[in-house]
Amino acid sequence: MSTVLIVDDSKTSRFMLKRILEANGYEVVGEAENGQDGYDKYCQLMPDFVTLDITMPIMDGIETLVKIKEFDENAKVIMVTAAGQKGKMLDAIKLGAAEFVTKPFETGQIISIMESIK
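Residues numbered from 1 in each chain as written. Predicted model: local features only at pLDDT ≥ 70, side-chain atom pairs only at ≥ 80, totals over all residues. Heavy atoms only, no water.

The residue Lys 69 is located in helix α3 (residues 61-71) in this model. Through-space distance from the C-alpha of Lys 69 to that of Arg 14 is 22 Å; in sequence the pair is 55 residues apart. Residue contacts for Lys 69: discarding those within four places in its chain leaves Asn 74, Ala 75, Leu 95 and Gly 96. At a separation of 3.0 Å, a polar atom in the side chain of Lys 69 contacts the main-chain carbonyl oxygen of Ala 75. (Helix = DSSP H or I, 4+ residues; strand = E, 2+ residues; numbered from the N terminus. Contact = heavy atoms within 4.5 Å. Polar contact = N/O pair within 3.5 Å; in protein donor to acceptor, adjacent residues only side chain to side chain.)

See the structure below:
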């Protein structure tokens, strides 16, 4: 079973994403509500995947992505974005994000992306 760390400042988004992932055979090993906490938990838990929101307090998703990739260049990071953040998404892909999903979440899209980068 693949493990996932969910990093998002929205409790609702974390809940929805966790529900989708667990219903489809993934184990959510941790959650974080800001980038710094997400980075710290990544280093501690070493999950197979990370879902990482772009807009968060303390340290945003782009900064967190850079730190995670410096720590583990093989990290599989899926960026989560709201509509209208195309520029930041392109930056994230250039910096090593494996893929991205947009809110609101669609189960089929999320699981398809997870399967494609395994």
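Take the pattern of salt bridges next. Note that side chains of opposite charge can pair when their charged atoms are close. For the structure on display, the rule yields six salt bridges. Of the charged contacts, one joins Lys 18 and Glu 31 as a salt bridge, the two residues approaching to 3.7 Å between their closest N and O atoms. Here the residue Lys 18 occupies a position in helix α1 (residues 11-23), and Glu 31 occupies one in strand β2 (residues 27-32), the gap between them amounting to 13 residues. Among the ionic pairs, Lys 41 bridges to Asp 37, the shortest N-O distance being 3.6 Å. Taken together, the residues Lys 41 and Asp 37, both in helix α2 (residues 35-45) and four residues apart, mark about one turn of the helix. Residue Lys 41 is classed as partly exposed on the basis of its relative accessible area of 24%. Accessibility expressed as a relative area gives 25% for Asp 37, which makes it partly exposed. Members of the salt-bridge network, linked through shared partners, are Asp 8, Asp 53 and Lys 103. (Salt bridge = Lys/Arg side-chain N within 4 Å of Asp/Glu carboxyl O. Buried < 20%, exposed > 50% of the residue type's maximum accessible area, 1.4 Å probe, protein only.)

For the rest of this paragraph, the subject is the sheet that holds β2. Overall, parallel pairing links the five strands, which are arranged β2-β1-β3-β4-β5 in an open sheet. The strands lining the two open edges of the sheet, one partner per strand, are β2 and β5 (99-102). Sheet twist, expressed as the average angle between the axes of neighbouring strands with direction ignored, equals 20°. Relative to strand β3 (residues 49-53), strand β1 (residues 3-7) is paired through four bridges, and the arrangement is parallel. Each bridged residue has a counterpart across the sheet, and for Val 4 the counterpart in β3 is Phe 49. Sheet strands touched by α1: β1, β2 and β3. Its angle to β2, the strand with the most contacts, is close to 170°. (Pairing = 2+ DSSP bridges. Axes fitted to C-alpha atoms, helices over the stretch in contact; angles between N-to-C directions.)

Turning next to the packing of aromatic side chains. In total, this model carries three aromatic pairs according to the counting rule given. With a centroid separation of 6.2 Å and an interplanar angle of 80°, the aromatic rings of Tyr 26 and Phe 49 are classed as edge-to-face. You can see Tyr 26 sitting in the loop between α1 and β2 and its partner Phe 49 sitting in strand β3, a full 23 residues away along the chain. By relative accessible area, Tyr 26 is classed as buried at 3%. You can call Phe 49 buried: its relative accessible area is 2%. A centroid spacing of 6.3 Å and a plane angle of 85° characterise the contact between Tyr 39 and Phe 71, whose relative ring orientation is edge-to-face. Of the two residues, Tyr 39 is situated in helix α2 and Phe 71 in helix α3; the sequence distance between them amounts to 32 residues. Here Tyr 39 falls in the buried class, since its relative accessible area comes to 16%. What links up through ring pairs into an aromatic cluster is the set Tyr 39, Tyr 42 and Phe 71. (Phe/Tyr/Trp six-rings, centres within 6.5 Å; stacked < 30°, edge-to-face > 60°.)

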